[in-house]
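# Residue-level structure breakdown
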Amino acid sequence: MTSLNQQLFERAQIRIPGGVNSPVRAFRAVGGAPRFFTLGAGPRVWDVEGREYIDYVCSWGPLLHGHAHPKIVSAVQAVAEKGLSFGAPTELEIELAERVCALMPALEQIRLTSSGTEATMSAIRLARGFTGRPNIVKFDGCYHGHGDSLLVKAGSGALTFGQPDSSGVPADLAAHTLVLPYNDVEALETLFAREAAHIAAVIVEPVAGNMNMVLPRPAFLKRLRELTQTHGSLLIFDEVMTGFRVALGGAQSLYGITPDLTTLGKVIGGGMPLAAFGGRRDIMQHLAPLGPVYQAGTLSGNPVAVTAGLVNLELAMEPGLYERLGEMTRVMTEGLVQIGRHHGFPVSACALGGMFGFYFRDTLPTHLHEVLSADKERFKQFFHGMLAQGIYMAPSAFEAGFVSTVHGTAELEKTLEAAETVFSTLA
Ligand code: HOZ
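We now turn to the structure provided with this report. Here the structure is a predicted model, which is why all the values come from computation and not from measurement.

Criteria and thresholds
Residues numbered from 1 in each chain as written. Predicted model: local features only at pLDDT ≥ 70, side-chain atom pairs only at ≥ 80, totals over all residues. Heavy atoms only, no water. 1 Å grid on protein atoms, 1.4 Å probe; cavity = no way out; pocket = protein on both sides within 12 Å on 5 of 7 lines; lining within 4 Å. Points joined across faces, edges and corners; volume = space filled by probe spheres on them. Helix = DSSP H or I, 4+ residues; strand = E, 2+ residues; numbered from the N terminus. Nonpolar A, V, L, I, M, F, W, Y, C, P; charged D, E, K, R; others polar. Salt bridge = Lys/Arg side-chain N within 4 Å of Asp/Glu carboxyl O. Buried < 20%, exposed > 50% of the residue type's maximum accessible area, 1.4 Å probe, protein only. Near = heavy atom within 4 Å. Polar contact = N/O pair within 3.5 Å; in protein donor to acceptor, adjacent residues only side chain to side chain. Areas by Shrake-Rupley, 256 points an atom, 1.4 Å probe, with all protein chains shown as cover. Axes fitted to C-alpha atoms, helices over the stretch in contact; angles between N-to-C directions. Parallel < 35°, antiparallel > 145°, perpendicular 65-115°, else oblique. Left-handed = near helix turned anticlockwise from the far one by under 90°. Contact = heavy atoms within 4.5 Å. Core = buried A, V, L, I, M, F, W, Y, C linked by side-chain atoms within 4.5 Å.

### So, empty space enclosed by the protein
Under the definition given, this model contains three cavities of 30 Å³ or more. Elements with a minimum of two residues in the lining of the largest cavity: β12 (355-359) and α14 (376-388). With three residues, the top contributor of residues to the lining of the largest cavity is β12. Of the residues in the lining of the largest cavity, the class split is nine nonpolar, four polar and one charged. What the second largest cavity holds in volume is close to 70 Å³. Sorting the residues of the lining of the second largest cavity by element identifies β12 and α14 as the ones contributing at least two each. Each residue belonging to the lining of the second largest cavity can be placed in one class, and the counts come to eight nonpolar, one polar and two charged.

### Structural notes on the pattern of salt bridges
Across all of its chains, the model carries 16 salt bridges by this definition. Notably, a salt bridge pairs Asp-260 with Arg-225, separated by 2.8 Å at the nearest N-O pair. Remark: Arg-225 occurs in helix α8 (residues 218-231) and Asp-260 occurs in the loop between α9 (250-255) and β9 (261-264); sequence separation between them is 35 residues. Asp-260 serves as the salt-bridge partner of Arg-280, at 2.9 Å between the closest nitrogen and oxygen. You can see Arg-280 sitting in the loop between β10 (275-279) and α10 (281-284) and its partner Asp-260 sitting in the loop between α9 and β9, a full 20 residues away along the chain. What makes Arg-280 partly exposed here is its relative accessible area of 28%. Within the structure, one salt-bridge network assembled from shared partners comprises Glu-189, Lys-222, Arg-223 and Glu-226.

### A look at the site of the ligand
Around the ligand, the surrounding shell consists of Ser-22, Arg-25, Trp-60, Tyr-143, Ser-156, Asn-210 and Glu-399. Contact distances for the ligand include 2.9 Å between an oxygen atom and a side-chain N or O atom of Ser-22. Within the side chain of Glu-399, an N or O atom sits 2.8 Å from a nitrogen atom of the ligand. The protein chains hide 87% of the 290 Å² of surface that the ligand would expose on its own.

### Overview of unusual backbone geometry
A negative phi angle is the norm for most residues apart from glycine, just as the trans form is the norm for most peptide bonds. Note that the residue after Ala-288, namely Pro-289, is joined by a cis bond; omega there is 15°. Looking at where Pro-289 falls in the secondary structure, it is placed in the loop between α10 and α11 (303-316). A positive phi is found at Cys-58, a non-glycine position, where the angle reads about 50°. With respect to the helices, strands and loops of the structure, Cys-58 is situated in the loop between β3 (52-55) and α2 (70-80). If you check the backbone angles, Ala-68 has positive phi at about 50° while not being a glycine. Counting through the fold element by element, Ala-68 comes out in the loop between β3 and α2.

### Some details on the packing of α14 against helix α15 (residues 409-426)
The contact between α14 and α15 brings their axes to 9 Å, and the two run at 130°. Between α14 and α15, the crossing angle belongs to the class labelled oblique. α14 and α15 meet at a crossing whose hand is right-handed. Here Arg-378, Gln-381, Phe-382, Gly-385 and Met-386 of α14 come into contact with α15, specifically with Thr-415, Ala-418, Ala-419, Val-422, Phe-423 and Leu-426. For the contact of α14 with α15, the per-class residue count stands at seven nonpolar, three polar and one charged.

### Observations regarding the nonpolar core
Val-100, Phe-244, Leu-336, Phe-382, Met-386, Met-393 and Phe-423 are the most contacted members of the largest nonpolar core, which has 62 residues in total. No other element matches the eight residues that helix α12 (residues 321-342) contributes to this core. Membership of the second largest hydrophobic core comes to 28 residues, among which are Cys-142, Leu-224, Ile-257 and Leu-368.

### Things to note about the layout of surface pockets
Roughly 540 Å³ of volume is contained in the second largest pocket. Around the second largest pocket, the lining comprises 20 residues; the ones closest to its centre are Glu-93, Ile-110, Arg-111, Leu-112 and Gln-295. Where the lining of the second largest pocket is concerned, the elements lending two or more residues are α3 (91-103) and β4 (109-113).

Take a look at the structure:
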């Protein structure tokens, strides 16, 4: 008897390539049929077969306050009744711009887009236009959306499916993307000594979240800032994932670094398609209509998405919220590690705010090669075991996990009980 999820997956594959609208969702890295969801409430989701799961994907990060938060839903309903899109300015956009710039002082100006990919792609174009230089530097395993210049040694789905260098990207263009290992200060210094005059920007996930989660060495981010500043290259922090997720002020507030440009997405849209890039005013003023760098979007600053983002951020501003969220994430991941090790598995985990990494290797990875050395077969078994116990984790060993502010003690206990059951059967 084929399950309903399987039936839908087969039907989807007739009209949608791979049955999904974003590759990692297809479950290919773990096997089996993806779950088709019908309902989300707080920290939980339900699939078409009526099965309930505690959700640690949280729509890949945006749902800082869980599914269908009543305040977000009612604000979105109210604004939707007044019109879904104008393709003209609204006051709501100014409010969101003001709020984000106040929370992240490195952003003096901001432009809204509809997806993180658009934000990073535009930030790269702006950096090239501003500096007049052609090359960008990225780090092996970091993912910055699927813009052509950035699908070189990329993480996330590209890494999951063994296509870190996508077909369809002209070699001439890819040649302008220079790739270095994450956390490697020496490699950075060598490259800058040789190529600085041609480097428009260095783009980095200040906490990497698309090769599982990899914490930066503080000295790495510090040196990045110094070298870019000295040589007139721009430093772009891609905080699409970490912005308002690891801290209210993003990873840049935790590590005390002021980038020239920052890209945002996920939490800034509260579950709606919204992203942004922003930074120094003198750079942002190179954008059309003020300057020569073109960038646009029919649905940019869409009022419904902006409203969801505004309420998501308003809720995030509650005092003590990130401390509580960080504590919940830490206790959950430490619990997983403790249970795994008790059953003899070499596991490790890291957590920051509402984001975590969990690895089948005994020490935390510091760059992609160490991430790749984790046991992917064990991960698959663990993933399916947890799924059968009602715990929904990212279906890839190369994605970070997410905890929301409404995951509570009940979810924590159920997750750790499930882990106990799963690790004891894996043993
Ligand atoms: N690239 C996203 C995670 N890092 C996956 C997005 C999705 O499939 O929704």
